[in-house]
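Residues per chain are reported as follows:
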2 protein chains.
Amino acid sequence: MPKQGTPLPHTVLGSDTPCCPPLAQQRIPAEVATALAPAFKALGDPVRLQLMSMIASAENGEACVCDLTPAFDLSGPTISHHLRTLREAGLVDAERRGTWVYYRARKAVLSQLAALLASGGGTTAP
Amino acid sequence: MPKQGTPLPHTVLGSDTPCCPPLAQQRIPAEVATALAPAFKALGDPVRLQLMSMIASAENGEACVCDLTPAFDLSGPTISHHLRTLREAGLVDAERRGTWVYYRARKAVLSQLAALLASGGGTTAP
DNA sequence: TGTCAACCTAGACGAATGCCGAAGCAAGGG
DNA sequence: CCCTTGCTTCGGCATTCGTCTAGGTTGACA
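1. Description of the packing of aromatic side chains
In total, this model carries one aromatic pair over all chains according to the counting rule given. On the numbers, 6.3 Å between centres and 15° between planes, the contact of F40 of chain A with F40 of chain B is stacked. Taken together, the positions of F40 of chain A in helix α1 (residues 30-43) and F40 of chain B in helix α1 (residues 30-43) put the pair across two chains. On the basis of relative accessibility, which here comes to 0%, the residue F40 of chain A falls in the buried class. Over the face of the ring belonging to Y102 of chain A we find R97 of chain A, whose NZ or CZ atom lies 4.3 Å from the ring centre.

2. So, the environment of I79 of chain B
Residue and element names in this part refer to chain B. Take I79: it is sitting in helix α4 (residues 76-88). Sequence separation of I79 and T69 is 10 residues, and the distance between their C-alpha atoms is 6.3 Å. Residues within four places of I79 in sequence aside, it is in contact with V47, L51, T69, F72 and L74.

3. A few points about the sheet that holds strand β3 (residues 100-105) of chain A
Residue and element names in this part refer to chain A. With antiparallel pairing, three strands are arranged side by side in an open sheet as β1-β3-β2. Whereas interior strands pair on both sides, the edge strands pair on one side only; in this sheet they are β1 (62-64) and β2 (92-97). With direction set aside, neighbouring strand axes in the sheet form an average angle of 30°. Of the strand pairs in this sheet, β1 and β3 are connected by three bridges, and their pairing is antiparallel. Bridged to A63 within β3 is Y103. Strands in contact with helix α4 (residues 76-88) are β2 and β3; relative to β2, the strand with the most contacts, it is inclined by about 120°.

4. Re the nonpolar core
L91 and L117 of chain A together with L91 and L117 of chain B are the most contacted members of the largest nonpolar core, which totals 76 residues. Once you skip the residues sitting within four places of it in the chain, L91 of chain B turns out to touch A39, A42, L43, M52, L86, R104, A105, R106, V109, L110 and L113 of chain B.

Cut-offs applied
Residues numbered from 1 in each chain as written. Chains lettered and ligands numbered in written order. Predicted model: local features only at pLDDT ≥ 70, side-chain atom pairs only at ≥ 80, totals over all residues. Heavy atoms only, no water. Phe/Tyr/Trp six-rings, centres within 6.5 Å; stacked < 30°, edge-to-face > 60°. Helix = DSSP H or I, 4+ residues; strand = E, 2+ residues; numbered from the N terminus. Buried < 20%, exposed > 50% of the residue type's maximum accessible area, 1.4 Å probe, protein only. Lys NZ or Arg CZ within 6 Å of the ring centre and 35° of its normal. Contact = heavy atoms within 4.5 Å. Pairing = 2+ DSSP bridges. Axes fitted to C-alpha atoms, helices over the stretch in contact; angles between N-to-C directions. Core = buried A, V, L, I, M, F, W, Y, C linked by side-chain atoms within 4.5 Å.

Next comes the structure, spelled out in structure tokens:
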């Protein structure tokens, strides 16, 4: 294997995921839970949650790593690792353009997760 | 001291949490990320995600542990531990009624999380 | 009162996670 | 051509997580 063939891999949770009936409306099957849990787990860290927000709310829908890294008190490799986690959870896409690497949010997946958490019928009941 | 005075404690993420402007609309501050990440982390496990769904979609809005436990190939204490995690993340409430303990979903919190993930404006962008 | 059932807590252990520094690849100048 | 800059991967610790068995604590019932 010539070492570094593929530029940047993604994973899972594309469009083959069953998903989507609101969590509170119908008991979700084990398969769906197993497929979606990694996405929530990826969001279950303050740094990644901020990264996700910075990427998703960026001007052109994409953010450069060179803009993301200095926003934290963490080393470059650590940020890279968190971005990799987000990528492997299917929450973002990465693309290298010239010198820099840009990350882009997969809004469809975010919507999927939002729909799952949405209360379906009875919104709130204080 | 008779040891077990308080019945069952909850934690965090009640109504003091800032929250809510969609993640993709505006970069969320570190405090908010820190406050919300534990909730996502709690959902980042297949078992807890299923538990959450079973509780949230239960008939009367509440589910008995005695109904939850046999749905998994896990020991009772393990399920109890997962329920505790959900409780400490502020996602569910627990109440002991006679012999059984009932768990109830905090739909308001779920809605909060859903709103955060909702794409605000541009739903999907293939 | 004694006994049983339901559920939680405590302690332990392997596996995964978060962090870093050092090293490796890619692109763009001198 | 080499050298610098940007980002990722690699190898290592310290910490956290998921699971179990064992041992309470509470409530119901004979």
